[in-house]
Amino acid sequence: MDETATESPAALPDRLATNPKSPFHNPELLARGVGIRFNGAEKTNVDEYCVSEGWVRLTVGKSVDRHGNPMTIKLNGKVEPYFRQD
């Protein structure tokens, strides 16, 4: 594992979302600083992830849908969540 990982991925939930309306939203974990490595590359625009299903949902620019939510795309691959160090 990389030196930026402070705890094992098992300490993080299988699925986590930044949207407060989502049932997978956890503000306590997000406040600690969660980072995502997707297919070996650091991603900073992750809106939601699922480790067991192997996907991330990324925000796309500043586009919004008709409800004011950011537009997202779903990509499949290897997802590695970790707690960021400050």
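What you see is a predicted model; the values in this text were computed from it and never measured. For every chain, the first residue of the written sequence is number 1, and numbering continues from 1 onward in sequence order. Residue-level local features of this predicted model are given only where pLDDT is at least 70; pairs of side-chain atoms are given and counted only at 80 or more, and the full residue set underlies all totals for whole chains, interfaces and linings. Excluded from the side-chain calculation are hydrogens and water; included are all heavy atoms of the structure.

1. Comments concerning the overall build of the chain
Turning to step 1, where the next piece is worked out: When its secondary structure is counted, the chain shows 1 helix and 7 strands.
Turning to step 2, where the next piece is worked out: For the purposes of this entry, the term helix denotes a DSSP run of H or I that reaches at least four residues, the term strand denotes a run of E that reaches at least two, and both are numbered from the N terminus. When its helices and strands are written in sequence order, the chain yields β-α-β-β-β-β-β-β.

2. Observations regarding the nonpolar core
Turning to step 1, where the next piece is worked out: If you look at the biggest cluster of nonpolar residues, it comprises 12 residues: L12, L16, L29, V34, I36, F38, V46, Y49, V56, L58, V79 and F83.
Turning to step 2, where the next piece is worked out: Elements with a minimum of two residues in this core: β2 (34-38), β4 (46-50), β5 (55-64) and β7 (79-83).
Turning to step 3, where the next piece is worked out: When residues in this core are grouped by element, the largest group, 3 residues, is from β2.
Turning to step 4, where the next piece is worked out: By definition, residues are in contact when any of their heavy atoms lie within 4.5 Å. Once you skip the residues sitting within four places of it in the chain, Y49 turns out to touch L12, P13, D14, R15, L16, I36, W55, V56, V79 and P81. We call a set of buried Ala, Val, Leu, Ile, Met, Phe, Trp, Tyr and Cys residues a nonpolar core when their side-chain atoms join them within 4.5 Å. Relative accessibility under 20% of the residue-type maximum defines a buried residue, over 50% an exposed one, and the middle range a partly exposed one, all with a 1.4 Å probe and only protein chains included.

3. Some details on the packing of aromatic side chains
Turning to step 1, where the next piece is worked out: Any pair of Phe, Tyr and Trp rings, taking the six-membered ring for Trp, is counted once the centres come within 6.5 Å. Such a pair is stacked with planes under 30 degrees apart, edge-to-face with planes over 60 apart, and tilted for the rest. Taken as a whole and assessed by the stated rule, the structure comprises 0 aromatic pairs.
Turning to step 2, where the next piece is worked out: Comment: the charge-over-ring label is applied if NZ (Lys) or CZ (Arg) is within 6 Å of the ring centre and within 35 degrees of the ring normal. The ring of F83 carries R32 above its face, with NZ or CZ at 3.9 Å from the centroid.
Turning to step 3, where the next piece is worked out: Its guanidinium or amino end placed over the ring of W55, K74 lies 4.6 Å from that ring's centre, counting from NZ or CZ.

Honestly, it's all geometry; don't read function into it.
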